[in-house]
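Notes for the structure review
Listed below, chain by chain, are the residues.
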2 protein chains.
Amino acid sequence: MSQSPKQQSTGPSSAGRQPAGQSPAGRSVPTSADVARLAGVSRATVSYVLNNTAAVRISEPTRRRVREAAEELGYVPHAAARSLRAGHSRMVLMPTAHVPIGPLYSRFFNELQWALRRLDYTVVQYGSVGLDGDAAARAWAELRPVAVVSLGPVEVTPSGVDLLKRAGARAVITVGPQRVEGTHSVVMDLTRVGRDAGEHLVARGCRAIGVVMPEEPGLEMFSVPRLEGVRAAAAEAGATVVPLPLAYEEEPAAALAGRWRELGLDGVFAYNDEYAMLLMRALQDAGIAVPDDTAVVGSDDLLLGRLLRPRLSTVHIDMIGGRALAELVDRAVREPGTRPERHELLDSRMVVRESS
Amino acid sequence: MSQSPKQQSTGPSSAGRQPAGQSPAGRSVPTSADVARLAGVSRATVSYVLNNTAAVRISEPTRRRVREAAEELGYVPHAAARSLRAGHSRMVLMPTAHVPIGPLYSRFFNELQWALRRLDYTVVQYGSVGLDGDAAARAWAELRPVAVVSLGPVEVTPSGVDLLKRAGARAVITVGPQRVEGTHSVVMDLTRVGRDAGEHLVARGCRAIGVVMPEEPGLEMFSVPRLEGVRAAAAEAGATVVPLPLAYEEEPAAALAGRWRELGLDGVFAYNDEYAMLLMRALQDAGIAVPDDTAVVGSDDLLLGRLLRPRLSTVHIDMIGGRALAELVDRAVREPGTRPERHELLDSRMVVRESS
């Protein structure tokens, strides 16, 4: 145990002078040497036991003695010290987005985290509000993650990737609609959501299809591929497509509904169920009949769509393969030279109800 | 620069043997010694400049030389190495919840993160799915955070707090409806949301008030205080209160609406706007007139409430004081002995529309 004098912290000025190894309560922070002494084994043995190193044969009674000593002292291995010795950490860092994450995404995210933890990684999220590409990468690099997995609208720049790799990151994995240079890019095909909606509207006879484009920043990466998907489906049938920029507020929705007749649209893909609810209410208030004058389709298959009258048609989306992505991360860490693979992370199907 | 031979990683077996200080691409990871050599200064000077140590006078040309050398080499300070030297980290760890976080909460969370970053802390979130109290605390402790701030339904146990403090955490701060032993507990008064709704319903003449209690796990800590708030408001007026357990699905809502007349309720506080939408649809489908037979009040003031017919009355909630909480965290880190303070983190007001 460290023999530095016990010192009670008494104010802000003392905090900076508090000796390393002292906990705030004045008790010294237990070290693996303390555990070794109490258990009567070497520090290496403590490390082998507590880090579950399978390669080293240690008897069960010894393992138990080490675990009991650690428990008694309240000793927890120090991830940073271990990573400094090993030259790399087991930390997977995930930048988190500015926009709130829906239930769809959070299930996938939980599965991914769970699978990474089973592979013995520590997963931390890093809120990147107010940090741009390179500054964000620098902040992440200070934590020396072994991998960075970016799933959201946080921009990862090629120079940021380079910086992370110089700081020891073995893999930078991006999941999104586009490839990002220098990373393992798992491309998620969001055009299929728009294609599902577009094919349904075309099959139903629509020839002039509006596509709601949210004006909220950060959503372009999700809305543009959907628009492209609708366009592809419409082109085959000779139907026209009109992008409809819309903010998620009542007034702009009412304004859009007010000029609906001059737009001459007979169908609309409303980005998601929440925008569909907003637009459908505005259309109904403006005397446009849904689905007779205009068919409306949302996406995400939220419960609220079933509570609307008419019941909302929607594209059901599943994020799949959290475990497969975790395995890709592990492979990319162990074999930094491997080429990115294609993964299906999205499954979708049209759910036809009453609004189309 | 490290003179270890450059070694290209070729497969999984090589990963474990890769020498410390080698990046995966075979370039060595730049160290502060490399920066010092290139800038022609001491390692201490590099550290002072890059960690913005104000106490040490270093000329602006020298600072610039150090920054340019760091930039050229792609050097980023190593947070863990720095914290090992200092004996404590600047990491504030925030356990994240299982349940998706709404827009209300995420604005507050962003403000808190931003303010902590301005105070020079590194904020990381730790997904705690599948970890219980003590195991979660052990996982957090491995990262040696200087503070843990728990804002959600992740259970923090007294033994977990003890473990974290032994691992050097100077402060464990919990924000929620209850105090947690051994922590700086910032108590958030959720009863006032229920009291606002209850007072409104009572003033409107309701004498038998239902309170929706979501059956989804993890929401009790939010729903029970709301129920208590309605009860307090009802007691003063001699009104009765009936808890109504409800899962967020159409069928149970229809079943509840089916026995509505025998319940004899003339008002209901529906937990939040989404449950209110679910219940109002079921009541309308069952021929119960809103608000004439039963008044309905939600909470959170989401846009969807304004899109319903009748428009939904609701309790508007603001999470406030992210910056104040950040300052509390900083004070608790600098003065671990300080007593927890009371902070107002919640502001609420009744918004009366057509449903009540």
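Our subject is the structure listed above.
Keep in mind that this is a model prediction, so the values were computed, not measured.

Moving on, we come to the sheet that holds strand S8 (residues 267-269) of chain A. All names here are of chain A. Reading across from one edge, S7-S6-S8-S9-S10-S11 is the order of the 6 strands in this open sheet, with mixed pairing throughout. Of all the strands in the sheet, just strand S7 (240-246) and strand S11 (346-351) have a single pairing partner and so form its edges. Put simply, the sheet's adjacent strands are angled 20° from each other on average, direction ignored. Along the sheet, helix H9 (residues 191-203) makes contact with strand S6 (208-214), S8, strand S9 (295-299), strand S10 (313-319) and S11, crossing S11 at roughly 20°. The strands touched by helix H10 (residues 220-237) are S6, S7, S8, S9 and S10; relative to S6, the strand with the most contacts, the crossing angle is about 170°.

This part covers the pattern of salt bridges. Applying the stated criterion across every chain yields a total of 20 salt bridges over all chains. The closest approach of N and O atoms between arginine 37 of chain A and aspartate 34 of chain A, which form a salt bridge, is 3.8 Å. Of this pair, arginine 37 of chain A and aspartate 34 of chain A both sit in helix H2 (residues 32-39), 3 residues apart, which is roughly one turn of that helix. We classify aspartate 34 of chain A as buried; its relative accessible area is 4%. Across the pair glutamate 250 of chain A and arginine 306 of chain B runs a salt bridge, and its minimum N-O distance is 3.6 Å. Separated into two different chains, glutamate 250 of chain A in helix H11 (residues 250-258) and arginine 306 of chain B in helix H14 (residues 303-307) make up a pair that spans both. Several salt bridges share partner residues, and in doing so they unite Arg281 and Asp285 of chain A together with Arg309 of chain B into one network.

Our focus in this paragraph is the sheet that holds strand S5 (residues 184-187) of chain A. What the 10 strands build is an open sheet, ordered S5(A)-S4(A)-S3(A)-S1(A)-S2(A)-S2(B)-S1(B)-S3(B)-S4(B)-S5(B); its pairing is mixed. What marks the edges here is a single partner per strand, and that holds for S5 of chain A together with strand S5 (184-187) of chain B. Direction aside, neighbouring strands of the sheet carry axes that sit 25° apart on average. Bridge analysis of strand S3 (residues 147-150) of chain A against strand S4 (residues 171-176) of chain A gives 4 bridges, and the strand direction is parallel. Paired with alanine 147 of chain A across the two strands is alanine 171 of chain A, which belongs to S4 of chain A.

In a pair of packed helices, the angle between the axes and the distance between the axes together describe the arrangement. Residue and element names in this part refer to chain B. Look at helix H9 (residues 191-203) against helix H10 (residues 220-237): their axes get within 6 Å of each other, and the N-to-C directions meet at 35°. Read as a crossing pair, H9 and H10 show a hand that is right-handed. On H10, the residues that touch Thr191, Val193, Gly194, Arg195, Gly198, Glu199 and Val202 of H9 are Pro225, Arg226, Glu228, Gly229, Val230, Ala233, Ala234 and Ala237. Partitioned by chemical class, the residues of the contact of H9 with H10 number 7 nonpolar, 4 polar and 4 charged.

Conventions we followed
- Residues numbered from 1 in each chain as written.
- Chains lettered and ligands numbered in written order.
- Predicted model: local features only at pLDDT ≥ 70, side-chain atom pairs only at ≥ 80, totals over all residues.
- Heavy atoms only, no water.
- Pairing = 2+ DSSP bridges.
- Helix = DSSP H or I, 4+ residues; strand = E, 2+ residues; numbered from the N terminus.
- Axes fitted to C-alpha atoms, helices over the stretch in contact; angles between N-to-C directions.
- Contact = heavy atoms within 4.5 Å.
- Salt bridge = Lys/Arg side-chain N within 4 Å of Asp/Glu carboxyl O.
- Buried < 20%, exposed > 50% of the residue type's maximum accessible area, 1.4 Å probe, protein only.
- Left-handed = near helix turned anticlockwise from the far one by under 90°.
- Nonpolar A, V, L, I, M, F, W, Y, C, P; charged D, E, K, R; others polar.

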